[in-house]
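# Structural overview
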Amino acid sequence: MLLLSQGLRREATLLLQDAPEVVVQKLIAGRHDPLPAAWLDTLRRIRGVSSARGRLWGYYYDPAIKANYTLMVAPERGLAADEIVVGAALARIRQIGVGDYLSLRAADGRPLSLHIVGVLDSASELLGADLLLLSETGFRQLFQLPPEVYTDAVLTVRNPREASTVAGKIALALPASRPILRAEILRTYDAVFHWREGMVFVALGSLLLAFLILAWDKAAGLSAEEKREIGILKAIGWETGDILRMKLWEGTLLSLTAFLVGYLLAWWQVFHGGARLFAPVLKGWAVLYPDFRLTPAVDLQQILVLLAVTVLPYIVATLIPGWRAAIIDPDAAMRG
Amino acid sequence: MIALHEVSKVFNQGQPNECRALREVSLRLERGGITVFKGPSGSGKTTLLTLIGCLARPTAGRITLDGRLLSNLPERFLTEVRRHTFGFVFQQFNLIRGLTVLDNVMLPAYPLGKPHRELRDGARALLDRFGLGAKADSRVEWLSGGEAQRTALARALINDPAVLIADEPTANLDSALSREVLALLGELATQGRTVLISSHDPLVFEAVQVDRIIELHDGRMVGDSRC
Ligand SMILES: Nc1ncnc2c1ncn2[C@@H]1O[C@H](COP(=O)(O)OP(=O)(O)OP(=O)(O)O)[C@@H](O)[C@H]1O
Ligand SMILES: [Mg+2]
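Residues numbered from 1 in each chain as written. Chains lettered and ligands numbered in written order. Predicted model: local features only at pLDDT ≥ 70, side-chain atom pairs only at ≥ 80, totals over all residues. Heavy atoms only, no water.

## What about the overall build of chain A?
Worth spelling out the cut-off: Per the convention used, a helix needs a DSSP run of H or I reaching at least four residues, while a strand needs a run of E reaching at least two, with both numbered from the N terminus. The buried label applies to any residue whose accessible area, calculated with a 1.4 Å probe on protein chains only, is under 20% of its type's maximum; exposed applies above 50%, and partly exposed to all values in between. We call two residues contacting when some pair of their heavy atoms lies within 4.5 Å. To be clear on the numbers: accessible area is Shrake-Rupley with a 1.4 Å probe, and residue cover counts the displayed protein chains and nothing else.
Assigned secondary structure in chain A consists of eleven helices and 13 strands. For chain A, the residues scored as buried account for 43% of the 336 residues in total. At a minimum sequence separation of 6, the contacts of chain A that also span at least 24 residues come to 77%. For chain A, the exposed area adds up to about 18000 Å²; of that, 62% sits on carbon and sulfur atoms.

## Describing the nonpolar core
Selection rule: Residues enter a nonpolar core if they are buried and are Ala, Val, Leu, Ile, Met, Phe, Trp, Tyr or Cys, with the set joined through side-chain atoms within 4.5 Å.
Membership of the largest hydrophobic core comes to 42 residues, with the highest contact counts inside it found for B:Ile34, B:Val36, B:Leu127, B:Phe130, B:Leu164 and B:Leu185. The set of elements that each furnish at least two residues to this core consists of β3 (33-38), α3 (101-106), α4 (116-129), α5 (145-157), β7 (163-167), α6 (175-190), β8 (194-199) and α7 (202-205) of chain B. Sequence-distant contacts of B:Val36, that is, excluding residues within four places in its chain, are made with B:Ile197, B:Ser199, B:Val204, B:Phe205, B:Val210, B:Arg212, B:Ile213 and B:Ile214. The next biggest cluster of nonpolar side chains, apart from the first, holds 41 residues, and it includes A:Ala333, B:Ile2, B:Leu27 and B:Ile63.

## Overview of the side chain of A:Arg140
Residues and elements named next belong to chain A. Note the threshold: The term polar contact refers here to a pair of N or O atoms within 3.5 Å; inside protein, the definition further demands a hydrogen-donor-capable atom paired with an acceptor-capable atom, and it admits residues adjacent in sequence only when both atoms are side-chain atoms.
Take arginine 140: it is sitting in helix α5 (residues 136-143). A polar contact of 2.8 Å, which involves the side chain of arginine 140, links it to the backbone oxygen of valine 149. Setting aside anything within four residues of it in sequence, one finds arginine 140 in contact with Leu56, Leu145, Pro146, Pro147, Val149 and Tyr150.

## Some points on the site of ligand 1
Our working rule: If even one non-hydrogen atom of a residue comes within 4 Å of a molecule or strand, that residue is called near it.
As a structural note, the neighbourhood of ligand 1 is formed by 15 residues, with A:Arg335, B:Ser41, B:Lys45, B:Thr46 and B:Thr47 the closest of them. Ligand 1 is flanked by residues contributed from chains A and B. Starting from 630 Å² of accessible surface for ligand 1 in isolation, the protein chains cover 69%. Of all the elements in the fold, those that place two or more residues in the shell around ligand 1 are β2 (19-29) and α1 (45-52) of chain B.

## Considerations on the interface of chain B and chain A
As a reminder of what qualifies: Note on terms: buried area is the combined drop in 1.4 Å-probe accessible area of two parts once they are placed together, counting the loss on both. The working definition used for a salt bridge is a side-chain nitrogen of Lys or Arg within 4 Å of a carboxyl oxygen of Asp or Glu. Under the convention adopted here, Pro, Cys and the residues Ala, Val, Leu, Ile, Met, Phe, Trp and Tyr are nonpolar, Asp, Glu, Lys and Arg are charged, and Gly plus all remaining residues are polar.
Contact with chain B, which involves 26 residues of that partner, is made by 18 residues of chain A. Summing the contributions of chain B and of chain A, the shared interface buries around 2000 Å²; its carbon and sulfur component is 58%. In this structure, B:Arg83 engages A:Glu239 in a salt bridge whose closest nitrogen and oxygen atoms are separated by 3.7 Å. Where chain B meets chain A, there are six residue pairs in polar contact (both at pLDDT 80 or more). Within the side of chain B that touches chain A, the residues separate by chemical class into 13 nonpolar, six polar and seven charged.

## Here we look at the sheet that holds strand β6 (residues 86-89) of chain B
Residues and elements named next belong to chain B. Threshold: In this scheme, strands are said to pair when DSSP sees at least two bridges between them. Only the stretch in contact is used when fitting a helix axis, every axis being a line fitted to C-alpha atoms; angles between N-to-C directions are given from 0 to 180 degrees.
Reading across from one edge, β6-β7-β8-β3-β9-β10 is the order of the six strands in this open sheet, with mixed pairing throughout. Each having just a single partner strand, β6 and β10 (220-226) make up the two edges of the open sheet. Between one strand axis and the next, the sheet turns by 20 degrees as a mean value, whatever way the strands run. In the sheet, strand β9 (residues 212-217) pairs with β10 via six bridges, with the strands oriented antiparallel. Its bridge partner being in β10, leucine 216 is matched across the sheet by methionine 221. In the packing of α5 onto the sheet, contacts are made with β6 and β7, and the angle to β6 comes to roughly 165 degrees.

## Section: the packing of α5(B) against α6(B)
Residues and elements named next belong to chain B. Heads up, the condition is: Put simply, angles under 35 degrees are roughly parallel, angles over 145 are roughly antiparallel, angles from 65 to 115 are roughly perpendicular, and the rest are oblique. By convention, the crossing between two helices is left-handed when the near helix turns anticlockwise from the far helix through less than a right angle, and right-handed when the turn is clockwise.
Relative to each other, α5 and α6 sit at 15 degrees, their axes nearing to 10 Å. By the angle between their axes, α5 is roughly parallel relative to α6. Classified by chirality, the crossing of α6 by α5 is right-handed. Taken together, the residues of α6 that come into contact with α5 (itself represented by Gly146, Gln149, Arg150, Leu153 and Leu157) are Leu177, Glu180, Val181, Leu184, Leu185 and Leu188. Residues that form the contact of α5 with α6 fall into these classes: seven nonpolar, two polar and two charged.

## Topic: the packing of aromatic side chains
Residue and element names in this part refer to chain A. Note the following rule: Stacked, edge-to-face and tilted are the three classes for Phe, Tyr and Trp ring pairs, Trp counted by its six-membered ring, which pair at centre distances within 6.5 Å; planes under 30 degrees apart are stacked, over 60 edge-to-face, the rest tilted.
All chains considered together, the criterion is met by six aromatic pairs over all chains. Ring geometry for phenylalanine 139 against phenylalanine 143: centres 4.8 Å apart, planes inclined by 55 degrees, an arrangement best described as tilted. In this pair, phenylalanine 139 and phenylalanine 143 are both assigned in helix α5, four residues apart and thus about one turn of the helix distant. Given a relative accessible area of 3%, phenylalanine 139 falls into the buried group.

## Re unusual backbone geometry
Residue and element names in this part refer to chain A. One non-glycine residue with positive phi stands out, namely glutamine 144, at about 55 degrees. Here glutamine 144 lies in the loop between α5 and β11 (149-150). For glutamine 144, a relative accessible area of 40% translates into the label partly exposed.

## As for the pairing of strand β1 (residues 22-28) of chain A
The side chains of a regular strand alternate, first on one face of the sheet and then on the other. All names here are of chain A. Counting buried positions along β1 gives five out of seven residues, so the element sits mostly inside the fold. Of the pairings in the sheet, the one linking β1 to strand β12 (residues 152-157) comprises three bridges and is antiparallel in character. Its bridge partner being in β12, valine 23 is matched across the sheet by valine 154. Note: β1 against strand β13 (residues 177-181), five bridges, orientation antiparallel.

## Section: the environment of A:Glu76
All names here are of chain A. In this structure, glutamate 76 sits in the loop between β6 (67-73) and β7 (83-86). Residue glutamate 76 is classed as exposed on the basis of its relative accessible area, which comes to 66%. For the pair formed by glutamate 76 and serine 135, sequence separation is 59 residues and the distance between their alpha carbons is 9.6 Å.

## Side note on the sheet that holds strand β4 (residues 60-65) of chain B
Residues and elements named next belong to chain B. One open sheet accounts for four strands, arranged β2-β1-β4-β5; its pairing is antiparallel. Edge positions in the sheet fall to β2 and β5 (68-69), since each of these pairs with one other strand and no more. Of the pairings in the sheet, the one linking strand β1 (residues 2-11) to β4 comprises five bridges and is antiparallel in character. The residue of β4 that forms the bridge with leucine 4 is isoleucine 63. Of the strands in this sheet, β1, β2 and β4 are in contact with α1, which crosses β1 at around 125 degrees.

## Topic: the confidence of the model for chain B
Residues and elements named next belong to chain B. In plain terms, the rule: Per-residue confidence from the predictor is reported as pLDDT, a score between 0 and 100.
The predicted model of chain B has a mean per-residue pLDDT of 91, with 100% of residues at 70 or higher. Here helix α2 (residues 75-85) stands out as the least confident element of chain B, with mean pLDDT 86; β9 is the most confident, with 95. For this predicted complex, the interface score ipTM comes out at 0.85, while the overall pTM is 0.61.

## A word on the side chain of B:Asn94
Tracing the backbone through its elements, the reader meets B:Asn94 in the loop between β6 and α3. Of the residues examined, B:Asn94 reaches a relative accessible area of 4% and is grouped as buried. In this structure the side chain of B:Asn94 is engaged in a polar contact, spanning 3.1 Å, whose partner is the side chain of A:Arg228. Setting aside anything within four residues of it in sequence, one finds B:Asn94 in contact with A:Arg228, A:Ile232, A:Ala333 and B:Arg155.

In structure tokens form, the structure reads like this:
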């Protein structure tokens, strides 16, 4: 589970590395509202801003597959009004490809038939799986959006280190705006993953507790057979220390093996099995699950934490009763 | 070489269930030969053997080994003496289940830290000598009574002890197997090892290999005869 969110976090961080420096949204009553085109000029005049561009994006619910698409206008692709490019997962689920037509229902109820001219490659599928790229004309037609508004605006800043100063000036010049810095987006992603991780953690926490109790119970209670064996070892010349060393080895070997097997299984299920167990919780509510392969991310500190909560208690749990038994008198072996 | 001077052992001293297992026993045991401790059940045979073998300490009295006083040695030194001087064969064999015959025989040698190869070769040689070579790699739970007893004997000898202590070594064997074990013990005694046995089996104290019989009753020594 730690592996999965580690992988997700890394993926998101990588993707957002080339996200715009500052995003500006318009707020009305605390909610995101279309941004007037006139704002772009105001933004361009602010010192430190090198460029400002209006973006158009949104979501579209497809009742056919009961999933949300993310729609974006991609001016750099030079698409015609009826041309689109779709994400790999979307293409897979709708079983469509280049040359096919995808029909969407426009905001005024009329069907809009769009020609697929490309499929996004699946390298960065995690965030682009349900993506649908289209032209500005197509977008405005679909959502019946007037020409003089944008979803939000992206700015490039001359000096990235001054981004927060620029954000301050924007908030002053356009009081109804909300400037968002890239660093903040990264942090939000991190927070979201942490939060979901937390949810699963609570669920798994009880599981872990049950495991600990079981392990303790298994390790702490020495059977009569084991006590007899320790008595024999003492009688034939083993010292308390020798017996403890053996118990320590036994406990370490057993729990390390278990840990390794567990970790490898987890690794395999996250990075090869698609994390079928926990992915729904961690990846969230997008119904179109991307068929993604996370780049394996291993954190030494995480391994140590896992070791500390699983292996150490087991070893301690084996040592204490071992010690209690190892100090029994060796003559016990002489008596049945 | 081993001398006991007015040795007593009291269990649960000062409590209502106090038990005087041995009362002022004094004796000298020379090197070599088989000495049998005989007596009815509860007479203190096992208790005496545990005291001689440094498995427990006497409540009163002194025990010396080659002139060295053992009764006041700290636990660690006592273990040290036990490892190098005594080998034990227990009444119930006390082999460790789940391990092979070979592993069981090698157990007492592990804390000494000898090279593993040397150890294994020594253990195999012992097993061959007792006719158990073919059983070396089988698990001890499958052994017959006689095989288990010989395995226990091999284990007692792995560290080449000067003294072999066997508590009722024939209690779980039929008379044929008992004679076999006595023959083995006699062989060891003639090679210069000191063999101490407890028994209430007439077959044992009538055996030709026995050199000395010490009789116990209610924790007291009541007889000492050489054959
Ligand atoms: N750990 C102990 N605690 C209390 N009493 C004990 C303990 N060990 C032995 N005894 C008592 O000491 C006495 C002598 O016991 P011991 O085992 O030496 O007899 P034994 O001659 O070996 O008898 P057996 O022939 O039945 O083996 C017995 O009365 C026994 O109950
Ligand atoms: Mg006894």
